[in-house]
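The primary structure of each chain is shown beneath.
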2 protein chains.
Amino acid sequence: MKTIAIVGSTGSIGETSLKVISKNKKKFKLIFLSAHRNYKKLIAQSKKYNPKNIFLTNEKFYKKIKSRKLIKVKNIFNNSNKIDYVISGASGYDALDLNIKLLKISKKLLIANKETIICGGDIFLNLAKKNNCKIIPIDSEHHCIDFFMNNFLQKKEIIKKIYLIASGGPFYEKQIKYNEKIKNVIKHPVWSMGKTISVNSSNFSNKVLEMFEAKILFNLPPEKIDILVERKSMVHAIIQLENNIFFPIVHYPKMEIAISNSLKIQFNENKNLDNISLNFSKPKNNKFPLVHLGHKILKKYSNSGMIIFTVFNERLVDLYLAKKIMYGDIVANLVKLFNKKTIIAKSKIKINSIKDIKSILNFAKNYKL
Amino acid sequence: MKTIAIVGSTGSIGETSLKVISKNKKKFKLIFLSAHRNYKKLIAQSKKYNPKNIFLTNEKFYKKIKSRKLIKVKNIFNNSNKIDYVISGASGYDALDLNIKLLKISKKLLIANKETIICGGDIFLNLAKKNNCKIIPIDSEHHCIDFFMNNFLQKKEIIKKIYLIASGGPFYEKQIKYNEKIKNVIKHPVWSMGKTISVNSSNFSNKVLEMFEAKILFNLPPEKIDILVERKSMVHAIIQLENNIFFPIVHYPKMEIAISNSLKIQFNENKNLDNISLNFSKPKNNKFPLVHLGHKILKKYSNSGMIIFTVFNERLVDLYLAKKIMYGDIVANLVKLFNKKTIIAKSKIKINSIKDIKSILNFAKNYKL
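No experiment lies behind these values; they were computed from the predicted model shown.

Kindly report on the interface of chain B and chain A, identifying the contributing residues and their values.
Contacts between the two partners involve 41 residues from chain B, matched on the other side by 41 residues from chain A. Carbon and sulfur atoms supply 58% of the area that chain B and chain A bury against each other, a total of about 3500 Å² over both sides. Per-residue buried area on chain B facing chain A is highest for B:Phe152, B:Phe246 and B:Leu273; these three make up 18% of the total on that side. At the junction of chain B and chain A, the tally comes to zero salt bridges. Elements with a minimum of two residues in the side of chain B that touches chain A: α6 (140-151), β7 (159-166), β9 (235-241), β10 (246-250), α10 (255-262) and β11 (277-279) of chain B. It is β10(B) that provides the largest number of residues to the side of chain B that touches chain A, a total of five residues. By residue class, the composition of the side of chain B that touches chain A is 21 nonpolar, 14 polar and six charged. As paired strands, strand β11 (residues 277-279) of chain A and β11(B) are joined by three bridges and run antiparallel to one another. Across the sheet, A:Leu278 pairs through a bridge with B:Leu278, a residue of β11(B).

Break down the confidence of the model for chain A for me, citing the residues and quoting the values.
Scored by pLDDT, chain A has a mean of 93; 98% of the residues are at 70 or more. Two numbers describe this predicted complex: its pTM, 0.93, and its ipTM, 0.91.

Please give an account of the pairing of strand β10 (residues 246-250) of chain A that cites residues and values.
Among the five residues that make up β10(A), five are buried, leaving the element largely enclosed by the rest of the structure. The two faces of β10(A) match: A:Phe246, A:Pro248 and A:Val250 on one face and A:Phe247 and A:Ile249 on the other face are all buried. Looking at chain direction, strand β9 (residues 235-241) of chain A and β10(A) are connected through five bridges and run antiparallel. Residue pairing across strands places A:Gln240 opposite A:Phe246, the latter belonging to β10(A). Note: β10(A) against β10(B), two bridges, orientation antiparallel. Bridging from a neighbouring strand, A:Phe246 pairs with B:Val250 of β10(B).

Before we move on, could you go through the side chain of A:Glu314 and cite the residues and values that matter?
Considering the arrangement of structural elements, one finds A:Glu314 in helix α12 (residues 303-321). Every residue in contact with A:Glu314, bar those within four places of it in the chain, is listed here: A:Gly92, A:Tyr93 and A:Glu115.

Summarise the sheet that holds strand β8 (residues 225-229) of chain A; cite the residues concerned and give the values.
The eight strands are arranged β8(A)-β7(A)-β9(A)-β10(A)-β10(B)-β9(B)-β7(B)-β8(B) in an open sheet whose pairing can be described as mixed. Edge positions in the sheet fall to β8 of chain A together with β8 (225-229) of chain B, since each has one partner strand and no second. Across the sheet, the mean angle separating the axes of adjacent strands is 25° when strand polarity is ignored. The strands touched by helix α9 (residues 205-218) of chain A are β7 (159-166) and β8 of chain A; relative to β7(A), the strand with the most contacts, the crossing angle is about 145°.

So what about the relation of the copies chain B and chain A? Which residues, and what values?
Mapping chain B onto chain A is achieved by rotating through 180° and translating by 0.0 Å along the same axis, at an RMSD of 0.0 Å. Expressed as a symmetry operation, the mapping of one chain copy onto the other fits a two-fold axis. Residues of chain B ranked by C-alpha distance from the rotation axis are headed by B:Phe152, positioned 2.0 Å from it. A high fraction, 100%, of the interface residues of chain B reappear at the interface in chain A, so the copies pair face to face through one surface.

Requested: an account of unusual backbone geometry, with residues and values cited.
All names here are of chain A. Located in the positive-phi region is Asn132, a residue other than glycine, with phi close to 55°. Mapped onto the elements of the fold, Asn132 is located in the loop between α5 (114-130) and β6 (134-137). With phi around 65°, Asn244 is a residue other than glycine that occupies positive phi space. Along the chain, the position of Asn244 falls in the loop between β9 and β10.

Criteria and cut-off values
Residues numbered from 1 in each chain as written. Chains lettered and ligands numbered in written order. Predicted model: local features only at pLDDT ≥ 70, side-chain atom pairs only at ≥ 80, totals over all residues. Heavy atoms only, no water. Contact = heavy atoms within 4.5 Å. Buried area = accessible area lost by both parts, 1.4 Å probe. Salt bridge = Lys/Arg side-chain N within 4 Å of Asp/Glu carboxyl O. Helix = DSSP H or I, 4+ residues; strand = E, 2+ residues; numbered from the N terminus. Nonpolar A, V, L, I, M, F, W, Y, C, P; charged D, E, K, R; others polar. Pairing = 2+ DSSP bridges. pLDDT = per-residue confidence, 0-100. Buried < 20%, exposed > 50% of the residue type's maximum accessible area, 1.4 Å probe, protein only. Axes fitted to C-alpha atoms, helices over the stretch in contact; angles between N-to-C directions. Least-squares fit on C-alpha atoms with pLDDT ≥ 70 in both.

Written out as structure tokens, the structure is:
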């Protein structure tokens, strides 16, 4: 029996994880569930899944429910024994601090948060090593590559290129309006996801973040990382070997698969590829200029550039979702910002410590967009 | 520098191999070229590629050119030093004897001859082990699976199923006429191949032979071996893991890739999957009844059943190509024959020795069709 805990249990990754675990009750002991603010849902989950304790990462809300003397509410970071699996469903670049804390209490940290990997970079990965914590990416693209590289590939050198596969989002075959409405933007063709990631999918910034993540996680040179579109989200990554054999990594688009796989439990599904059709294409640069920008940041700048892009993008998406800017402003601003001398200079700064990360994060968070 | 030799150098595999080797002259020393009868082409190849000696496996023709006192003509089986790579492009079930002899003079035997693997079965594989000879399949389907299993897969148990991919042949979307003309039958959509294998592709008997071959080579249970169609011959096999992740193994349809890969030399090709579309479908049982028959032989009978199918099919194709039977007679006869009690009884006989193989081969060769 393995111990397990979920941070962000009220989000989509948290809920999927609970579904997977509840189908394999005998294999797991649920140590805690935590959410950021949604204490109502957390309490409901607590009643249903009976974890040893629950926690809210937002201090105000934590105090609020703690004062209700619910016995089970306890600070998760005081956990003395390392937990076998901690699933971190926290989102955004602010999750970095939280995930650093989780390294200390986790043997394996399952993480779908691109921003933590991008902002934390090598510093985060080294901290994980120091804490004897294995990082397992559970977003489908990186999970597939990680699974292939860890289980099958002895020599990374035989990789010619990896392709992160994009669904293409709602506008791949349509014209994009500069003032596109939120409801059209978040209409993802395959996955049902949060609003921010849906916006990110629509203009390929999500795939740019994934390229950054791949560079850090797999330590590959920029020219070996690329993007292709497959509209059905059946293919998650393609590994091209030096001998020109390609391995598309394919599974039905279900979040359960990466989670089950990471927890080393069977995911039963009786499906095959009969009647499946897969079409690959490159996103056009003039329609999706962020792909080009992403490659440029990857090749020319340091991790600082990746962090700045990540924060700027998140801030711009927040502004769009708050109806303070138009849809087209997100991409237009990102492109414009990365032509500015200050931004380019900042993007080249080498990062050597958590302090350096914080400094770049602060710059990007406070820069007047 | 590795030593290399080609048996069947005048055929399509032989010619492709020579093309690959001649691009990598410094890496290989060409020990011999051999053909069955086509001495004119063999002599021309000898002049062009300058092997240490040449040989004809057909005795009559061998004597004929030997008597001409061409210095280089020498019996290849007297080769005292083991050759690093021997490429065997010999075809048909009669190639078994030849390939058994080659085990003794080869460190690695590259083989595209399904019939040898099927008829030789475990006996042939054990003989290879005894002779310290590694068998490398170079037909694209088995090569891809072999490559994946040998290089990447530690535990065969995690395989849920392997799919051998068929192009579907010339009639996949068309009606098949019982009296279809040879020129229509051998019009393969992708590969340019010999007549027999083209006929075999058109009615899926080729894929049935490949299922048999896969069972022997990879020692998988029959229910883990299946067929899917992908019309462009870009996908050669699919490995489905227990966790429901699929790995299609993809390369452009060029014989050079499997050969280069087996010889551990780089195959340079600047291609990617942009604008590639892959469609998978199951062949329909009522249109291609041999698929069903193949599964039945695989599940219910011993290797004898596979040998009998192989020989009957080859004999029937020969009759068709000699215009003695109609196209539809090939499949109709195979289905009818495998409903006969004698054939079923013979198909269940266990094979324990070369003698047993010869006995079944003789039965099948001489059975009145």
